[in-house]
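What the coordinates show
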Amino acid sequence: MLKIKRNALYLREKMNKRQVIFVLGAVALTALAIFFFSLKTRYVAISGYAQGGKYTVTLSLPDRKTKPESLKAGIDSVLMRIDKSVSGYNPASLLSKFNNGEEFSPDDVFEDIFSAAYNYYNSTSGALNCAAGELFNMWGFGFTSGSLPSDEDVKKALERCDMAAAYSGKAEDLPAMPASERIKLNFNAIAQGYSSDAVASYLRSKGVKNMLVNIGGEIFYDGRNPSGKAWRIGVDNPKDGNFEEGADVKGIIDCPENYHAIVTSGNYRKYYIKDGRKYSHTIDPRTGYPVTHDLLSATIIAKTALDADALATTCMVIGFEQAKKLIEESPDLEGYLITSTKVWNSDGIKIINEE
C-alpha cells in the first residue's frame, strides 16, 4: 500500500491592529506580497496562482535574513510540482494525461494523492469518490462542460466510477487500462488540502511558526495571528446570491490550537438552475445525481488540511444527520453545519454569531 503524506475556501482578509479575521468562501488577495508589522513580529502576506485559482499565505518571518521573495519562490515551486502532477486544469499534468488515455509515469505526488483518495473512498463507503470524474463532467461541474444527462447516461457512467477497480496498489498499473474504459479521476476534493499541507511543511522547514496557508479555500494554520492571538475564521452565510466574500458572515470560529486545518464546503455558489430546478455542484457518486438535502454548508476542523478538505466534501454528500454523526464519532474532528432551518456545531469549537 502506498504511504499517504497527511499534510486546508477562498478567503478575504479583514485586518486592523486589534484583530485579524479570514472569511471562508471568498476570493484570495491579488497582491504578490504585502508587508505589515504587528507587535514586534514582522508578518507578510504572499499571494499567487495555483491549480486554477489563487492562493494566499500570511506568515511571520522567522528572522531578518529571510526574504519574502525567497519564501514565495519556494511556495510556488511546491505548488507547481503538485500542479504538474494532479491538476485537472493543467492539460499537461499527469492527471490530464491519465484521463486522456496517454501513457505516463506517476510521481510521488500522484501516488500519494491516489492512495489517499482510495482510503477516503473506503472510509466514507463511497461518498467521496475521486474516480467519479465522468459524473462531475457530465453534470457540468468537472473539467469539461455538460448538463442534465439522461438517466441512462448516468447509469453507464456509474459503471466507470469504481475507485476500487481503479486502485491496484500501484499507480503504475493504471495505464494498462484501455482508454475507452479508463476511469476519469478528479482530485478536486483533496488536492488543494494536500497542497496546503505541503506548503505548510515547506514553511516549517524554513523556520516559520506563525502561518495561515490558504489554497483555493483550504486552510492550514499554526501559531498566532498578527495580533498575537489565535487565528479567527469567518464563515460566510450560505445563502443563494451571497457571492461577495465577507459581506454576510454567519459566524466566526476561534481556531482551536490543537488542530491545524479548517475547510468549508457548500452548495450556495456553484450551481445552475434549469427548468426551475436547482442543480448543485455536489454530486453523490453513489447515485450519480446532485444531492437534494438541505445541508448548505459544512465546515470541518481537522489535524490536516487533507482530512478537512476530504471530509467537508463528504459531509456535503451525506447530509446533515449523517454529517453530524460523523463529526461526533470522530475524536480528531470538529464541525460547524448550516442547513436552511438550523445550525449546529460540535462542542470543541466556539462560534461567535454575526447575525
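What comes next is a walk through the structure. Since we're looking at a predicted model, the values are computed, not measured.

We now examine the pattern of salt bridges. What the rule picks out here adds up to seven salt bridges. For E134, the salt bridge goes to R160, with nearest N and O atoms at 2.6 Å. Highlighted residues: E134 in helix α4 (residues 133-138) and R160 in the loop between α5 (151-159) and α6 (163-166), separated in sequence by 26 residues. Among the residues examined, E134 registers a relative accessible area of 17% and is labelled buried. Note that D222 is salt-bridged to R204, the shortest N-O span being 2.7 Å. Taken as a pair, D222 in strand β7 (residues 218-222) and R204 in helix α7 (residues 191-205) lie far apart in primary sequence, 18 residues in all. Take D222: its relative accessible area is 17%, and that puts it in the buried class. Judged by its relative accessible area of 41%, R204 falls in the partly exposed class.

This part is about helix α9 (residues 320-328). Restricting attention to buried positions, one finds in α9 the residues F320, A323 and I327. The buried residues of α9 occupy one face: seen down the axis, they fall within an arc of 65 degrees. Facing away from the buried side of α9 by more than 90 degrees, the exposed set consists of E321 and E328. Structurally, α9 contributes buried residues whose contacts are with β15 (295-302), α8 (305-318), β16 (334-339) and β17 (343-345).

Before going further, it helps to examine the packing of helix α1 (residues 68-86) against helix α3 (residues 108-123). One can describe the packing of α1 onto α3 by two numbers: an axis separation of 8 Å at closest approach and a directional angle of 70 degrees. By the criterion of interaxial angle, the relationship of α1 to α3 is roughly perpendicular. Here α1 and α3 pass one another in a crossing that is right-handed. Facing R81, I82, S85 and V86 of α1, the residues of α3 in contact are D108, V109, F110 and I113.

Scanning the entire structure with this criterion turns up five aromatic pairs. Here the aromatic rings of F110 and F114 are separated by 6.1 Å at their centres, their planes lie at 35 degrees, and the arrangement is tilted. You can see F110 and its partner F114 sitting in helix α3, four residues apart, about one turn around the helix. Each member of the pair F110 and F114 is classed as buried. Cluster of aromatic residues (ring-pair linked, three or more members): F98, F104, F110, F114 and F187. Above the ring of F320, the side-chain terminus of K342 is found at 4.6 Å from the ring centroid.

Here is what the cut-offs are and how they apply
- Residues numbered from 1 in each chain as written.
- Predicted model: local features only at pLDDT ≥ 70, side-chain atom pairs only at ≥ 80, totals over all residues.
- Heavy atoms only, no water.
- Salt bridge = Lys/Arg side-chain N within 4 Å of Asp/Glu carboxyl O.
- Helix = DSSP H or I, 4+ residues; strand = E, 2+ residues; numbered from the N terminus.
- Buried < 20%, exposed > 50% of the residue type's maximum accessible area, 1.4 Å probe, protein only.
- Arc of directions from axis to C-beta.
- Contact = heavy atoms within 4.5 Å.
- Axes fitted to C-alpha atoms, helices over the stretch in contact; angles between N-to-C directions.
- Parallel < 35°, antiparallel > 145°, perpendicular 65-115°, else oblique.
- Left-handed = near helix turned anticlockwise from the far one by under 90°.
- Phe/Tyr/Trp six-rings, centres within 6.5 Å; stacked < 30°, edge-to-face > 60°.
- Lys NZ or Arg CZ within 6 Å of the ring centre and 35° of its normal.

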